[in-house]
Structures are given as structure tokens and as C-alpha cells.
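# Remarks on the overall topology
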Amino acid sequence: MTAALPRPAGVLFDLDGTLVDTVERRIEAWARTFAEFGLPVDRGRLGPLIGADGKRLAREVAALSGVSLDADRAEAIDRRCGEIYGALNVDPRPLPGVGEVVAALEGRGIAWAIATSSRREQVGASVRALGLEHEPRIVDGSHVQHAKPEPDLLLLGARELGLAPGRCWYVGDSTWDVTAAIAAGMLPIAVTAGAAVSRVVLQGAGAVAVVATLGDVARLLDSPGREGAG
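Quick look at the structure, then. Source: prediction; values computed, not measured.

Relative orientation of the contacting elements helix α1 (residues 23–36) and helix α4 (residues 71–88) amounts to 130 degrees, with a least axis distance of 8 Å. On the basis of the axis angle, α1 is oblique to α4. When you trace α1 past α4, the crossing you get is right-handed. Facing Arg25, Arg26, Glu28, Ala29, Trp30, Arg32, Thr33, Phe34 and Glu36 of α1, the residues of α4 in contact are Ile77, Asp78, Arg80, Cys81, Ile84, Tyr85 and Leu88. In terms of residue class, the contact of α1 with α4 is made up of eight nonpolar, one polar and seven charged.

In terms of residue burial, strand β5 (residues 187–191) counts as a mostly covered element, since four of its five residues are buried. Pairing between strand β4 (residues 168–172) and β5: four bridges, direction parallel. Across the sheet, the residue bridging to Tyr170 is Pro188, located in β5. Handedness of the crossover is the feature at issue here: the chain leaves β4, passes through helix α8 (residues 175–184), returns alongside β5, and the resulting connection is right-handed. Relative to strand β6 (residues 209–211), β5 runs parallel, the two sharing three bridges. What sits directly across from Ala190, in β6, is Val210. With helix α9 (residues 199–205) bridging β5 and its parallel neighbour β6, the resulting β-α-β unit is right-handed.

As a further point, take the pattern of salt bridges. In this structure the tally under the stated criterion is 18 salt bridges. Taking the shortest distance from any N to any O, the salt bridge between Arg219 and Glu100 comes out at 2.8 Å. One end of the pair, Arg219, is in helix α10 (residues 214–220); the other, Glu100, is in helix α5 (residues 98–107), with 119 residues separating them in the sequence. Looking at Arg219, the relative accessible area reads 46%, which means it is partly exposed. Here the salt bridges share partners, and the residues they tie into one network are Glu24, Glu28, Arg32 and Arg43.

A rise of 1.5 Å per residue sets the reference length of α1, with its 14 residues, at 20 Å; its end C-alpha atoms lie 20 Å apart and thus fit the reference within 8%. Regarding α1, the residues found buried are Val23, Arg26, Ile27, Ala29, Trp30, Ala31, Thr33 and Phe34. Tucked inside the fold, the buried residues of α1 contact α2 (43–46), α3 (54–64), α4 and α6 (120–129). Once α1 finishes, Gly38 follows within two positions and takes phi at roughly 70 degrees, a positive value.

Glancing now at the packing of aromatic side chains. For any pair of aromatic rings, geometry is given as the distance between the ring centres together with the angle between the planes. For the coordinates displayed, the defined rule picks out two aromatic pairs. Both rings, one in Phe13 and one in Trp112, keep their centres 5.9 Å apart while their planes meet at 80 degrees; by these two values the pair is edge-to-face. Highlighted residues: Phe13 in strand β1 (residues 10–13) and Trp112 in strand β2 (residues 111–116), separated in sequence by 99 residues. With a relative accessible area of 1%, Phe13 lands in the buried category. For Trp112, a relative accessible area of 9% translates into the label buried. Here Trp30 and Phe34 contribute two aromatic rings whose centre-to-centre distance is 5.3 Å and whose plane-to-plane angle is 20 degrees, an arrangement assigned as stacked. Of this pair, Trp30 and Phe34 both sit in helix α1, four residues apart, roughly one helical turn.

Thresholds applied
- Residues numbered from 1 in each chain as written.
- Predicted model: local features only at pLDDT ≥ 70, side-chain atom pairs only at ≥ 80, totals over all residues.
- Heavy atoms only, no water.
- Axes fitted to C-alpha atoms, helices over the stretch in contact; angles between N-to-C directions.
- Helix = DSSP H or I, 4+ residues; strand = E, 2+ residues; numbered from the N terminus.
- Parallel < 35°, antiparallel > 145°, perpendicular 65-115°, else oblique.
- Left-handed = near helix turned anticlockwise from the far one by under 90°.
- Contact = heavy atoms within 4.5 Å.
- Nonpolar A, V, L, I, M, F, W, Y, C, P; charged D, E, K, R; others polar.
- Buried < 20%, exposed > 50% of the residue type's maximum accessible area, 1.4 Å probe, protein only.
- Pairing = 2+ DSSP bridges.
- Right-handed = clockwise from strand over helix to strand, strands pointing away.
- Salt bridge = Lys/Arg side-chain N within 4 Å of Asp/Glu carboxyl O.
- Expected span 1.5 Å × (residues − 1).
- Phe/Tyr/Trp six-rings, centres within 6.5 Å; stacked < 30°, edge-to-face > 60°.

Honestly, it's all geometry; don't read function into it.
Shown next as C-alpha cells:
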């Protein structure tokens, strides 16, 4: 299945659970937030929702309790979760293969960027933890009206790279990432090292390749059938 993938002209990456090992902290932040707002939720329900637009996540969890949130309430919950997450995310760890995949992309002249549903103020610590030589290009949830699973964030990322979406891969760890990539016309690549869902779930969502680490993504660039593609 992966042998037919074209080499991309650009690659966009999700951040949480893809480049940094922060999904458990995201879950904890959401659990504390919903408790504050009187909307208790089982942590097991939160894992598969991580990666979605925060306001959408808030509405979905509220709906489990039979509560309908207006736009202001959803925004308040999302913002509060960001504050709690920022306090928790003091020492994020990069996931395996970050340096390898960045070196592979830059060595081949392939443009790349981070496209995350997180708010800009939430991403600083995680991006610094990557230990990159230069500040990466970042598009975040504050740049679009609708974040993942809508394609807006990814389409903006492609525009920032100056590329057609169909020439890009999107690398993520959640079904929301896969859904957004498909909607944007990009090839969805899933990585399981930091994911809250299984390989089977990611394949079922439509990922064209599911790999264990970012190092495996680097190796996909040189798999058979890549030369001259894209």
C-alpha cells in the first residue's frame, strides 16, 4: 500500500501526540477543566477526542451529559483547558525520530511545517522541546475559524508552504488528523508512538500508511516508487 505513495513536495505535522508526547497531559487538562465546569467525563472517552478542535471537543463532551453549549461557553471551556494544560506542560518530551525526520526532509529540500489545533500560547513549550536548530513554521487553531477535523488548518498550512494540498502529506496521531487530511486532499500518514488510539482505528479512519515512529516516516520518503513522484 505504501509503495505507491508519491514523494511529497511538503509535509505538515500535527504537534501533540505526533511530535511531542503530550496526549496524557491533554487528557488530564480536559478532565480537570470539565470537572471545574460541572461536566464530569470518563477519561477513556477523552483519548479518542484529543486532536479535535477544542470548542468541538467541549460540545461533544457536554452532549454526553445532555448539555448544549453555546459558542461563548465552548470558547470559555477551551480557553480554560489551555490555561490548565499550559501549567501542566512544563517538561514535554519529543517523540522518537523528530530529528531524523526533520533532517530527512531538509536534506531532500522538502518544505515542512506544524499544523496544530492548539492555540498559539499553548505550543511554545512543546516546540522548544523538539530541540530544532531553527524555529519551525507553525499554523495553529487561532488562525482559522474551524480547526480539525475540518480541513481549514491544513489548507492554510499548504498555502503557507506555497504548495497545492495534493502535493502534501499530513502526519498525525489521531482520527481527526486523518479526517482533516482527507478533507484537505492530502495524504494522511499516521504515527502510533504517542497516539491515544490504535493502529487499527487509524487505518479504519483512512490513513494511507500507519507507522510506529517519526523515523519510519523519514524512511517512507525513500521507499520504492518515490523517485520522480510529486
